[in-house]
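The primary structure of each chain is shown beneath.
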Amino acid sequence: MLPRRRPQFTQENIDQQLQQIHLLDPSSSSENLEQLGPVIKQIHTNRQQEIFLRTAQGLIDSKDAEIEKICGDNYQDFISSVSTLFTVKSYTDKMKENIQSLDTSVSQLGRGLVEKKRTLLQSKKTAANLDEAIDTLQACLRVLDVVNRVGEMIQEGKYWGALRSLEDIQSMPTTSLSQTPFFQHLLSSLPSLRAQIKDAVTASMKQWLLEIRNVSTEVGRLANEAMETRTRRWRSRREKDQSLRLSRVGSAVEMITYEKTEFNVLDNDTIRVDFTPLFECIHIYTTLNSLDELQKSYQADRKAQSDLILPNPLPLAFLPQLTQEISGFFIVETHVLETTNAFRSEREVEELWDSLVVGLANSVTDALRSERDPEEYLRAKECLLSFIMTLETSPYSTDSLQNFIIQLFEHYAKLLEAQFSRRFESIVHQDDHLPMQIEATSETEAVLEVVFVADSDKTQIKHEPVGKRLAGTSTLSQIAQIVTNLEYFQVACSELERSLTSLRSAQRGGVIRLTARASFEATLTRSLGRITGLITSKLDQFFELSEYEWTPPTREDAPSMYLYELVNWLTTVVDSLVIKEAYKDEAYKGALEYIAGCLMNFLTGRDIAMLNENAISNILIDVDFLDEELKRIGRSHLSSVFVELRMTTSIPLSDTVHEYLVPAMRHTSYNAVKHKRLQSLLEKLARFGTTQRDLGARELAEKRRKEADAVGRVFPGEGR
């Protein structure tokens, strides 16, 4: 690269530059040396000092020569001018001295003025500093006042306002105060103040938890009373409106009705639970980004309180108050759960619920372990059931508690059953099985109010003479009374089944059936059989007096004498029994069946070896007498018990054995005849005929024997 060519200064350039600094400007009265700097700088920059000096020296020399020429030409003028100049100089020196004297004086005055000005400026600066200090102090005082106010608000419980004040201090705009150590120290103390607010609001919440624990029982009591009132109101409405009979408390229909008169157990005339401390604490902790800490602390506190609810051991008399306290505890928890968004989780509350329910069940179980009074079990069950109904609308599961109530009821039923069994057995053993003796009409009314008796029976009992004894004291009467008692128990079973079925809130599961009904029916059957047995045992005594002649030469015209006494005794005894007509009918039927069986046994049994047709006719005369007596007492339908006897005896008397041997005739006309009995009767007739000397009688006997053999060959399954 070629070196840069340096510029060269000519005479004109130098003159021009000198004129620029007014060295050659005759009109300039002062030397303007300020412009010399750029020229010298440019000369030095271009490294032309020597050239410039030579040029300037040449210029000076030319100017000196010019001055000498001018001076030579004007010497006199120059001398006079010099003299004038000296004069001027003397004046100038004198003026200079005056100026210096004046300058000294002015300097002295100026120095004092400057000093005063400096003092004034210092005073103004000091005043400005004082103003700034005052402003700063005032700002500090305002901040300190805010800080002091924060402490007062903490004491007054205005925690959110105190926290907002701290936020305002921290977010103050940048000022001179912001750079002071005081403000920096104040900012460093804000976490401590926030901690004070946090501690204070936590203490307030802790105090609130203590108050909540103290009022939980009252809240539960009010909720329980509200549920009882609600239940009574709905029961009254169901009684008036049959369409609501199957709707229970808590159903959709009842809930819609209850919404119109809903009772707030947390805010009423008796008690008002203020949740402000909790809400404020949640808000403060949320602002401080410490909500998790509060949630853990709250859960721990409520867990501790729930553990303290259950006493160990549990007095059963304390159970209602205990369930009310638990109800109040979870009513509060439900309200907190519904009003604080995500502060409380359902899982945490359910853990408290499950733990407390298990503990409650265990405590009640331990308290009832040695209890033998069923009423204690019933009171515990009713108390727990009321507890469940009180918390029915809550989100907590009551399945385990309901199962526990079922277990309590099972224990109650067992104890009640055992107690009732002992009392019932004692009453039965002490009972003389005689009708109740009523001496006054008021006693009749009192008894009819508590027994299960049909309205028609009540009317009949009321119209009977007071003090009348409905039966004697015989054993048969006692059994009849047992039958009456069993009938009452059957009616009681029906009434209890109807009542228990109607008590159901819904008709699921069908009609309730008591297992005791079958036992009473079986016992009633045995009792009726016992009546029949006692009657038949007496009938045996009559038959021992019968004294029938089995081979009479002639037929009788009148029934046997023992039958008169038998019928008179039978009608008297049976009609005197205090039992239903249907049972009397069964007693008559049983007695007549026994009579028919005895007469049949005479004719076909092994005790009588032989008989003739006259004996059979005499038996039929007795049967006709019994039929007439049955018609007389209005029980002619019982004559059917003699059908077999009549059919069996009619075959040999009418000589229709051959018809009986025809299957079609046997099944239509003689279906009640048993061929074995007919065979035995024919054999007895044949045996009698073989003892006769009359040829006709002997031939008839042979015929009876053959007929008996023919009947014996009939299929043994028929006629049985």
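Let me sum up the structure you'll find in this document. (Residues numbered from 1 in each chain as written. Predicted model: local features only at pLDDT ≥ 70, side-chain atom pairs only at ≥ 80, totals over all residues. Heavy atoms only, no water.)

The helix and strand tally for the chain stands at 25 helices and zero strands. Looking at the chain residue by residue over its 720 residues, the buried ones come to 36%. The contacts of the chain with a sequence gap of at least 6 include a subset with a gap of at least 24, amounting to 72%. With the model as given, the accessible surface of the chain reaches about 44,100 Å², and the carbon-plus-sulfur share is 54%. (Helix = DSSP H or I, 4+ residues; strand = E, 2+ residues; numbered from the N terminus. Buried < 20%, exposed > 50% of the residue type's maximum accessible area, 1.4 Å probe, protein only. Contact = heavy atoms within 4.5 Å. Areas by Shrake-Rupley, 256 points an atom, 1.4 Å probe, with all protein chains shown as cover.)

Looking now at the packing of aromatic side chains. Aromatic ring pairs are described here by two measures, namely the spacing of the ring centres and the angle between the planes. Scanning the model with the defined rule gives 18 aromatic pairs in all. Between Tyr548 and Trp550, the aromatic rings sit 5.2 Å apart at their centres with planes inclined by 35°, giving tilted as the arrangement. Classification of Tyr548 by relative accessible area gives buried; the value is 15%. Among the aromatic residues, ring-to-ring pairing joins Phe329, Phe330, Trp353, Phe387 and Tyr396 into one connected group. (Phe/Tyr/Trp six-rings, centres within 6.5 Å; stacked < 30°, edge-to-face > 60°.)

This next bit is on the side chain of Thr340. Relative to the helices and strands, Thr340 is located in the loop between helix 10 (319–339) and helix 11 (346–368). Of note is the side chain of Thr340, whose polar atom sits 2.4 Å from the backbone oxygen of Val336. (Polar contact = N/O pair within 3.5 Å; in protein donor to acceptor, adjacent residues only side chain to side chain.)

One can find Leu545 in the loop between helix 17 (516–544) and helix 18 (561–576). Sequence spacing of Leu545 and Met561 is 16 residues, and the spatial spacing of their C-alpha atoms is 9.3 Å.

Here the focus is the nonpolar core. Ile326, Phe330, Leu360 and Val364 are the most contacted members of the largest nonpolar core, which totals 66 residues. The contacts of Ile326, once residues within four sequence positions are left out, are Ile309, Leu310, Leu356, Leu360 and Phe387. Counting residues in each nonpolar core, the second largest holds 53 residues, with Val573, Val574, Ile579 and Phe642 among its members. (Core = buried A, V, L, I, M, F, W, Y, C linked by side-chain atoms within 4.5 Å.)

With that settled, the discussion passes to the packing of helix 12 (residues 374–390) against helix 13 (residues 399–430). Packing of helix 12 against helix 13 brings their axes to within 9 Å, and their N-to-C directions diverge by 155°. Judged by the inter-axis angle, helix 12 sits roughly antiparallel to helix 13. Between helix 12 and helix 13 lies a crossing of left-handed hand. Here Pro374, Tyr377, Leu378, Ala380, Lys381, Leu384, Leu385, Phe387 and Ile388 of helix 12 lie close against helix 13, whose contacting residues are Leu401, Gln402, Phe404, Ile405, Leu408, Phe409, His411, Tyr412, Leu415, Leu416 and Gln419. Across the contact of helix 12 with helix 13, the residue classes break down as 16 nonpolar, three polar and one charged. (Axes fitted to C-alpha atoms, helices over the stretch in contact; angles between N-to-C directions. Parallel < 35°, antiparallel > 145°, perpendicular 65-115°, else oblique. Left-handed = near helix turned anticlockwise from the far one by under 90°. Nonpolar A, V, L, I, M, F, W, Y, C, P; charged D, E, K, R; others polar.)

Looking now at the packing of helix 20 (residues 613–632) against helix 21 (residues 643–653). Where helix 20 contacts helix 21, the axes come no closer than 11 Å and their chain directions differ by 145°. Pair helix 20 / helix 21 crosses with left-handed handedness. Along the contact surface, helix 20 presents Glu613, Ile616, Ser617, Ile619, Leu620, Val623, Asp624 and Asp627, while helix 21 presents Leu645, Arg646, Thr649 and Leu653. Residues that form the contact of helix 20 with helix 21 fall into these classes: six nonpolar, two polar and four charged.

On to helix 25 (residues 695–712). Along an α-helix, residues three or four positions apart point the same way, because every turn accommodates 3.6 residues. Taking 1.5 Å of rise per residue, 18 residues should cover 26 Å, and helix 25 covers 25 Å from first to last C-alpha, within 8% of that figure. Three or more residues of helix 25 are buried, namely Ala701, Arg704, Glu707, Ala708, Ala710 and Val711. Its buried side turned inward, helix 25 meets helix 20, helix 21, helix 22 (657–660) and helix 24 (675–689). With a side-chain oxygen positioned 3.4 Å from the backbone nitrogen of Gly696, the residue opening helix 25 is Asp694. (Expected span 1.5 Å × (residues − 1).)

Here we come to the side chain of Asn268. Relative to the helices and strands, Asn268 is located in the loop between helix 7 (252–258) and helix 8 (276–287). Within the structure, the side chain of Asn268 is placed 2.9 Å from the backbone oxygen of Asn264, a separation counted as a polar contact. At 2.9 Å, the side chain of Asn268 and the backbone nitrogen of Ile271 are in polar contact. Those residues in contact with Asn268, other than ones at most four positions away along the chain, are Leu222 and Phe263.

Mapping Ala710 onto the fold places it in helix 25. Along the backbone, Ala710 and His658 are 52 residues apart, and their C-alpha atoms lie at a distance of 9.3 Å.

Relative to the 36 Å expected for 25 residues at 1.5 Å per residue, helix 3 (residues 49–73) spans 36 Å between its end C-alpha atoms, a close match to the ideal helical length. Within helix 3, the full set of buried residues consists of Phe52, Thr55, Ala56 and Leu59.

Okay, unusual backbone geometry next. The omega angle of the peptide bond from Asn312 to Pro313 is 5°, so this bond is cis rather than trans. Within the element layout of this structure, Pro313 appears in the loop between helix 9 (291–309) and helix 10. Although it is not a glycine, Asn289 sits at a positive phi angle of roughly 55°. By the element assignment, Asn289 lies in the loop between helix 8 and helix 9. Judged by its relative accessible area of 73%, Asn289 is exposed. One non-glycine residue, Asp655, adopts positive backbone phi at about 50°.

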